[in-house]
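Chain residues, written in single-letter form:
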Amino acid sequence: MSSKILVIGACGQIGTELTTKLRELHGTDNVIASDINTRNLELVNAGPFEILDAKNFNAIKDCCVNHEIDTIYLMAALLSATGEKYPMEAWDLNMNSLFHVLNLAKTGQIKKVFWPSSIAVFGPTTPRENTPQHTICEPTTVYGITKQVGERWCEYYHEKYGVDVRSIRYPGIISHKAMPGGGTTDYAVEIYHEAIKEGKYECFLSEDTSLPMMFMDDAIKATTDLMAAPSESISIRSSYNLSAISFTPKDIFESIKAEMPEFTITYQPDFRQAIADSWPSSIDDSVARKDWNWSHDFDLDTMTKEMLSQLKKKYTA
Ligand SMILES: NC(=O)c1ccc[n+]([C@@H]2O[C@H](COP(=O)([O-])OP(=O)(O)OC[C@H]3O[C@@H](n4cnc5c(N)ncnc54)[C@H](O)[C@@H]3O)[C@@H](O)[C@H]2O)c1
């Protein structure tokens, strides 16, 4: 029997593309998209959709009962930059939504959970280069604190209650469909849009700030591969390090300039610089590569070509 899946926060940057992929894999009617709003009409009209508040336990439970859901992908969250503006809201949403889903899974109502963590679990005391899977995690953002604590609870629910929860510490995700939702790596998406629309970009990070990043197709592949892996091969129940490419604003600028020689950039670092400075510049993901054969496909230049070609089509249309 095919899995019945609920995606919470499906209208966001990752949820949009994850829902589409899950529908390809499991059938449109077997994947219920949900969000607090209907801002992404293309997704809302593409298959079953429910308005659902991730902070409301009974609403999630009713939705799961009504649709006979056995698997939840919890994508709703307040991200790093927005979380610094609204710390209590970030704590409230990020923690309570996770508890609701873990508690449903604990009762046996839900058989499998995906919940994303982030490189934001790391902090200034973490080794910055090739950051290991197990290392110092002293995050300095509210968002990072929620992800670090969330990881501990995921492992706890697995150990104590046998909950099959799986997680990835996503790096910055770059995509051309939905816009990013208020993170520190958003510049690496905005830069492509501005290159096409304006031919110039003002970057909110300094030119030499190296951060771990990944093209959306690789992030979706990692997510579905991890969820398809046999339970015995999953050795990490907190969250897996995951890595693809690391680059600076100057690197991405040069990659775009190779395709668009007229493109120019200026740098005007803001409060997000301090957040970026507290994160690693590269990640050791050897455990994910060993446990469930993770490997990435896109490097910086192949990603740039794909981003520019897709966005040119979008803006021409
Ligand atoms: N995008 C990245 O670069 C990145 C990197 C690391 C981790 N992550 C994690 O991946 C997950 C998805 O990130 P994203 O980039 O798609 O975020 P996003 O901000 O683009 O999307 C989040 C979605 O959640 C919805 N939402 C907000 N409050 C809600 C509520 N109360 N109930 C239901 N839905 C609600 C929003 O409407 C939005 O559609 C998050 O947990 C995020 O922390 C993302």
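Quick look at the structure, then. A quick note: this is a predicted structure, and the numbers were derived from the prediction, not measured.

Parameters at a glance
- Residues numbered from 1 in each chain as written.
- Predicted model: local features only at pLDDT ≥ 70, side-chain atom pairs only at ≥ 80, totals over all residues.
- Heavy atoms only, no water.
- Pairing = 2+ DSSP bridges.
- Helix = DSSP H or I, 4+ residues; strand = E, 2+ residues; numbered from the N terminus.
- Near = heavy atom within 4 Å.
- Polar contact = N/O pair within 3.5 Å; in protein donor to acceptor, adjacent residues only side chain to side chain.
- Areas by Shrake-Rupley, 256 points an atom, 1.4 Å probe, with all protein chains shown as cover.
- 1 Å grid on protein atoms, 1.4 Å probe; cavity = no way out; pocket = protein on both sides within 12 Å on 5 of 7 lines; lining within 4 Å.
- Sits in = over half its atoms within 2 Å of the grid points.
- Nonpolar A, V, L, I, M, F, W, Y, C, P; charged D, E, K, R; others polar.
- Domains from an automatic or database assignment.
- Axes fitted to C-alpha atoms, helices over the stretch in contact; angles between N-to-C directions.
- Parallel < 35°, antiparallel > 145°, perpendicular 65-115°, else oblique.
- Left-handed = near helix turned anticlockwise from the far one by under 90°.
- Contact = heavy atoms within 4.5 Å.
- Buried < 20%, exposed > 50% of the residue type's maximum accessible area, 1.4 Å probe, protein only.

Considerations on the sheet that holds strand β8 (residues 168-170)
- Strand order in the open sheet made by the three strands is β6-β8-β12, with parallel pairing throughout. With one partner strand each, in any of the chains shown, β6 (117-118) and β12 (240-241) form the two edges of the open sheet.
- Note: β6 against β8, two bridges, orientation parallel. In the sheet register, S117 faces β8, and the bridge partner there is R169.

Considerations on the site of the ligand
- Neighbouring the ligand are 28 residues, the closest being Q13, I14, D35, A54 and Y143.
- Between I14 and the ligand, the recorded distance is 2.8 Å, taken from a backbone N or O atom to an oxygen atom.
- Interatomic distance of 2.8 Å between a backbone N/O atom of A54 and a nitrogen atom of the ligand.
- Computed on the free molecule, the ligand has an accessible area of 830 Å², of which 92% lies beneath the protein chains in the complex.
- Taking a 2 Å distance to the grid points as the criterion, the majority of the atoms of the ligand fall inside the largest pocket.
- Within the residue set of the shell around the ligand, elements represented by two or more residues are α1 (13-26), β6, α6 (142-161) and β9 (172-174).
- Its residues assigned to classes, the shell around the ligand shows 15 nonpolar, nine polar and four charged.
- Both domain 1 (5-171 + 216-241) and domain 2 (172-213 + 245-281 + 298-316) contribute no fewer than three residues apiece to the shell around the ligand.

A few points about the packing of helix α5 (residues 87-106) against α6
- Look at α5 against α6: their axes get within 10 Å of each other, and the N-to-C directions meet at 15°. In terms of axis orientation, α5 runs roughly parallel to α6. At the point where α5 passes α6, the crossing takes the right-handed sense. Facing P87, A90, W91, N94, M95, L98, F99, L102, N103 and K106 of α5, the residues of α6 in contact are V142, Y143, I145, T146, V149, G150, W153, C154, Y157 and Y161.
- Among the residues forming the contact of α5 with α6, the class breakdown is 15 nonpolar, four polar and one charged.

Some thoughts on the pairing of strand β11 (residues 211-215)
- Most of β11 is tucked away, with five of its five residues classed as buried.
- Here β11 shows no split at all, with L211, M213 and F215 on one side and P212 and M214 on the other all buried.
- Bridge count for β9 against β11 is three bridges, and the pairing is parallel. Residue pairing for β11: I174 is matched across the bridge by F215.
- Pairing of β11 with strand β13 (residues 245-247) involves three bridges; the strand directions are antiparallel. Bridge pairing links M213 to I245 in β13.

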